[in-house]
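Descriptive analysis of the structure
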Amino acid sequence: MALMPKRVKFRKAQRGRRSGTSYKAFELNFGECGLKALDNGWLRDRQIEAARVALMRNTRRGGKVWIRVFPDKPVTKKPAETRQGKGKGALDHWVCVVRRGRILFEMEGIPLELAKESMRLAANKLSLRTKFVKRSLH
């Protein structure tokens, strides 16, 4: 089952801008380590779910995982070989707007090396460059 909001105010959204840095969720709030985005872009619902599955499989369901992103923006698409005009296309999928600096996933309760490897596997499922971050001592 794909991630999507239960209900939205508007069925179709404009694309918006993907530039700039994240002004929220840019530091670890829950876990000991996390995965931080280094690029701006959209994360699809399928990518987030694939990354979550990769994390869970590698940790053998140990520890605790927080997903700090949610796809709440609808993306529309027109059918192939359709002429211009005739309005905006039908809803195709959901995305989450991610700006650089945003924490995507957090983990705790497993060894650091295993967490690092799990985050690497999860990062391979995403379309953005990411960085492994851990909580500082002070």
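The structure reproduced in this document is the subject of the present report. Everything numeric in this text was worked out from a predicted model, so none of it was measured.

Quick notes on the overall build of the chain
Helix and strand counts for the chain come out as two helices and seven strands. Considering only contacts in the chain between residues 6 or more positions apart, those separated by 24 or more positions represent 80%. For the chain, the exposed surface amounts to about 9,400 Å²; the carbon and sulfur share of it is 50%. Charge centroids of the chain, computed over 34 positive and 12 negative side chains, lie 8 Å from each other.

Structural notes on the sheet that holds strand S6 (residues 103–108)
Pairing is antiparallel across the open sheet formed by four strands, whose spatial order is S3-S6-S1-S7. What marks the edges here is a single partner per strand, and that holds for strand S3 (64–67) and strand S7 (130–134). Here the strands of the sheet are splayed against their neighbours by 20 degrees on average, with no regard to which way each runs. Two strands pair when backbone bridges link them, and S3 and S6 are joined in this way by four bridges, in the antiparallel orientation. Residue tryptophan 66 lies in a different strand from S6, and its bridge partner there is glutamate 106. Each of S3 and S6 touches helix H1 (residues 45–59); the most contacted strand, S6, lies at about 15 degrees to it. Contacting strand S1 (33–37), S6 and S7, helix H2 (residues 112–123) crosses the sheet at an angle of about 160 degrees to S7.

Some words on the sheet that holds strand S2 (residues 41–44)
On the basis of which strands lie adjacent, the open sheet formed by three strands has the order S2-S5-S4 and antiparallel pairing. With partners counted over all chains shown, the strands left at the sheet margins are S2 and strand S4 (73–77), one partner each. Here the strands of the sheet are splayed against their neighbours by 50 degrees on average, with no regard to which way each runs. Across four bridges, S2 lies against strand S5 (residues 90–98) in antiparallel orientation.

Digging into the packing of aromatic side chains
With the rule as written, the count across this model stands at one aromatic pair. On the basis of an interplanar angle of 20 degrees and a centroid distance of 5.6 Å, the ring pair of phenylalanine 30 and tryptophan 66 is categorised as stacked. A residue pair is termed long-range when its members are at least 10 positions apart, and phenylalanine 30 in the segment before S1 and tryptophan 66 in strand S3 qualify at 36 residues.

Here's the deal with the environment of alanine 51
Relative to the helices and strands, alanine 51 resides in helix H1. A residue is classified by how much of its surface remains accessible, and alanine 51, at 0% relative accessible area, is buried. For the pair formed by alanine 51 and lysine 73, sequence separation is 22 residues and the distance between their alpha carbons is 19 Å.

Looking at the packing of H1 against H2
In contact at an axis separation of 8 Å, H1 and H2 are set at 150 degrees when each is read in the N-to-C sense. When the axis of H1 is compared with that of H2, the two are roughly antiparallel. Judged by the twist between their axes, the crossing of H1 over H2 is right-handed. For the pair H1 and H2, contact is made by Ala51, Ala54, Leu55, Asn58 and Thr59 and by Leu114, Glu117, Ser118, Met119, Leu121 and Ala122, respectively. A breakdown of the residues in the contact of H1 with H2 according to their chemical character gives seven nonpolar, three polar and one charged.

Calculation rules
Residues numbered from 1 in each chain as written. Predicted model: local features only at pLDDT ≥ 70, side-chain atom pairs only at ≥ 80, totals over all residues. Heavy atoms only, no water. Helix = DSSP H or I, 4+ residues; strand = E, 2+ residues; numbered from the N terminus. Contact = heavy atoms within 4.5 Å. Areas by Shrake-Rupley, 256 points an atom, 1.4 Å probe, with all protein chains shown as cover. Lys, Arg positive; Asp, Glu negative; His and termini not counted. Charge placed at Lys NZ, Arg CZ, Asp CG, Glu CD. Pairing = 2+ DSSP bridges. Axes fitted to C-alpha atoms, helices over the stretch in contact; angles between N-to-C directions. Phe/Tyr/Trp six-rings, centres within 6.5 Å; stacked < 30°, edge-to-face > 60°. Buried < 20%, exposed > 50% of the residue type's maximum accessible area, 1.4 Å probe, protein only. Parallel < 35°, antiparallel > 145°, perpendicular 65-115°, else oblique. Left-handed = near helix turned anticlockwise from the far one by under 90°. Nonpolar A, V, L, I, M, F, W, Y, C, P; charged D, E, K, R; others polar.

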